[in-house]
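Residues per chain are reported as follows:
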There are 2 protein chains.
Amino acid sequence: MTDTRNRRGASRTEAIMRTTLELGQEIGYAKLSIEAVAARAGAGKHTIYRRWPSKGALLLDSLLSLHESDLDYPDTGDITTDLRQQIYAAIDLMARPPFGPLYQALVGEAQYDPQVAAALNERFIAPQTNKTVARLKKAQDQGQLARGFNLDLAMAILSGPLYFQFLITHEPLTHEYVDQILDSLFAGMGPGDV
Amino acid sequence: MTDTRNRRGASRTEAIMRTTLELGQEIGYAKLSIEAVAARAGAGKHTIYRRWPSKGALLLDSLLSLHESDLDYPDTGDITTDLRQQIYAAIDLMARPPFGPLYQALVGEAQYDPQVAAALNERFIAPQTNKTVARLKKAQDQGQLARGFNLDLAMAILSGPLYFQFLITHEPLTHEYVDQILDSLFAGMGPGDV
């Protein structure tokens, strides 16, 4: 009985999140409202508000719950292969609807709304950072990464150039761009032995 | 006569831009309007619209015209010194009002408004990229930078980690952070000779 109710709750939650992405893709983030999601999903407005305090929180959860596992690191034993694959997966997600444009709008909103900014960090950036640091730590222990490389900076150094393209220049994120960035970061900017 | 008129035009333009930043700092970007700037600057609304098609364009010009020279590269002959000084200047600007919060709001707006995004790239990012590449090219010619370092990526690699902090984690940008990033980028992530 409780199991049945939990399953029903879980599938209703998932239906609301799927509807959020569908509707967001159709009409854009600016026009998306919790009321419209409720109406299309056949759910009560208050059911949604009980779980998600704002449109930003609902969208963030919807983007993540349905796509988070896409961003897990493989572990082939080779760090450059694994970083490359994981970053390819991330930019493929950022490049296509509904994730790409809705995630971009969400980051835009985070510049005005501290609650959205906090949720973005807590629910998405922090877990991704933890996964990245764990994978790099293992590589460092195996001698595949510079011994002195500061793992606390890993997320900013690896994903900063992607966000720069995604949010500032708005040029397309391609696998070739990822390859070039990784090659440059691994080689370093220093002149080496001169 | 023409000179006097040009000088008057230039000082009125500057007064409008100063008013934009003052008012933007007081009431925030969301509430800023061209009408309010016109009223406080004692200028006609149409005078402003003739020069700036939108609030975003006016704010961008105001931020840049009054601060652009802060972001010129020094040339002491040592590339790490010069990068460090220029990036310190950039984050000092990003860290303090009015530039910081208004620039953040502008980048937020660029996620929704393609005209603001285009203006941001054309008026700010492209000139900054050119200055950065020119300074790095000279360093590369002098053997102070890895010979294979791809200068086309320089802006994304150097400023990506700053924007990641500024737009995503919203943690403070400090000189220490800049030092750590530069050290990591120059050393590289690769294990070196193993």
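Residues numbered from 1 in each chain as written. Chains lettered and ligands numbered in written order. Predicted model: local features only at pLDDT ≥ 70, side-chain atom pairs only at ≥ 80, totals over all residues. Heavy atoms only, no water.

Chain A goes by AcrR family transcriptional regulator in an unreviewed UniProt entry, where it is assigned to Nonomuraea angiospora.

**Description of the pattern of salt bridges**
Convention followed: A side-chain nitrogen of Lys or Arg and a carboxyl oxygen of Asp or Glu constitute a salt bridge if their distance falls within 4 Å. Runs of H or I in DSSP of at least four residues are treated as helices and runs of E of at least two as strands, each being numbered from the N terminus. Burial status follows relative accessibility: with a 1.4 Å probe on protein chains alone, a residue under 20% of its type maximum counts as buried, one over 50% as exposed, and anything between as partly exposed.
By the definition in use, this model includes 22 salt bridges over all chains. Two residues, A:Arg135 and A:Asp75, come together in a salt bridge whose shortest N-O distance is 3.4 Å. Placement of A:Arg135 in helix α7 (residues 114-141) and of A:Asp75 in the loop between α4 (55-67) and α5 (79-95) is noted, with a sequence separation of 60 residues between them. For B:Lys45, the salt bridge identified is with B:Glu35, shortest N-O distance 3.8 Å. Taken together, the positions of B:Lys45 in helix α3 (residues 45-51) and B:Glu35 in helix α2 (residues 34-41) put the pair 10 residues apart, joining distant regions of the chain. Owing to a relative accessible area of 36%, B:Lys45 belongs among the partly exposed residues under this scheme. By sharing partners, the salt bridges in this structure join A:Asp75, A:Asp82, A:Arg135 and A:Lys138 into a single network.

**Quick notes on the domain arrangement of chain A**
Residue and element names in this part refer to chain A. For the record, the criterion: Each domain's extent is set by a domain assignment, obtained either automatically or from a database. What makes two residues a contact is simply this: any of their non-hydrogen atoms within 4.5 Å. Here's the idea: put two parts together, see how much 1.4 Å probe accessible area each one loses, and the total over both is what we call buried area.
The assigned domain composition of chain A is domain 1 (2-63) and domain 2 (66-187). With centres defined by C-alpha atoms, the gap from domain 1 to domain 2 works out at 26 Å. Residue-level contacts link 13 residues of domain 1 with 14 residues of domain 2. Summed over both sides, the interface of domain 1 with domain 2 buries roughly 1,300 Å², with 74% coming from carbon and sulfur.

**Details of the packing of helix α8 (residues 154-169) of chain A against helix α8 (residues 154-169) of chain B**
Operational definition: Only the stretch in contact is used when fitting a helix axis, every axis being a line fitted to C-alpha atoms; angles between N-to-C directions are given from 0 to 180 degrees. Oblique is the label for every angle not falling under 35 degrees (roughly parallel), over 145 degrees (roughly antiparallel), or within 65 to 115 degrees (roughly perpendicular). When residues are grouped by polarity, Ala, Val, Leu, Ile, Met, Phe, Trp, Tyr, Cys and Pro land in nonpolar, Asp, Glu, Lys and Arg in charged, and all others, Gly among them, in polar.
It is at 6 Å that the axes of α8(A) and α8(B) come closest, and there the two elements cross at 85°. As far as their axial angle goes, α8(B) and α8(A) are roughly perpendicular. Counting all contacts with α8(A), which are made through A:Met155, A:Ala156, A:Ile157, A:Ser159, A:Gly160, A:Pro161, A:Tyr163, A:Phe164, A:Leu167 and A:Ile168, the residues of α8(B) involved are B:Met155, B:Ala156, B:Ile157, B:Ser159, B:Gly160, B:Pro161, B:Tyr163, B:Phe164, B:Leu167 and B:Ile168. For the contact of α8(A) with α8(B), the class distribution of residues is 16 nonpolar, four polar and no charged.

**A look at α4(A)**
All names here are of chain A. Keep this limit in mind: One less than the residue count of a helix, multiplied by 1.5 Å, gives the span that helix is expected to have.
When the terminal C-alpha atoms of α4 are compared, their 18 Å separation across 13 residues agrees well with the 18 Å that a helix rising 1.5 Å per residue should span. Extensive coverage of α4 is indicated by the burial of 10 of its 13 residues. For α4, the set of buried residues is Gly56, Ala57, Leu58, Leu59, Leu60, Asp61, Ser62, Leu63, Leu64 and His67.

**A word on the UniProt feature "DNA-binding region" (unreviewed entry) in chain A**
Let me state the cut-off plainly: UniProt positions are given in the numbering used here, feature names are shortened, and annotations may be inferred rather than shown by experiment.
Per the UniProt entry, the sites bearing "DNA-binding region" (unreviewed entry) are residues 33-52 of chain A in this numbering. Summarising residues 33-52 of chain A: 75% helix, 0% strand, and an end-to-end C-alpha distance of 12 Å.

**Topic: helix α9 (residues 175-187) of chain A**
When the terminal C-alpha atoms of α9(A) are compared, their 18 Å separation across 13 residues agrees well with the 18 Å that a helix rising 1.5 Å per residue should span. Of the residues making up α9(A), those classed as buried are A:Tyr177, A:Val178, A:Ile181, A:Leu182, A:Ser184, A:Leu185 and A:Phe186. Along its buried surface, α9(A) packs onto α5 and α8 of chain A together with α8 and α9 (175-187) of chain B. Positive backbone phi, at 85°, marks A:Gly188, one or two positions downstream of α9(A).

**So, the side chain of B:Thr19**
All names here are of chain B. We count it as follows: Here a polar contact means two N or O atoms within 3.5 Å. Within protein one must be a hydrogen donor candidate and the other an acceptor candidate, and residues neighboring in sequence count only if both atoms are side-chain atoms.
Its location among the elements puts Thr19 in helix α1 (residues 2-27). A distance of 2.7 Å separates a polar atom in the side chain of Thr19 from the backbone oxygen of Ala15. When near neighbours in sequence (up to four residues on either side) are disregarded, Thr19 contacts Gly24, Val37, Arg40 and Ala41.

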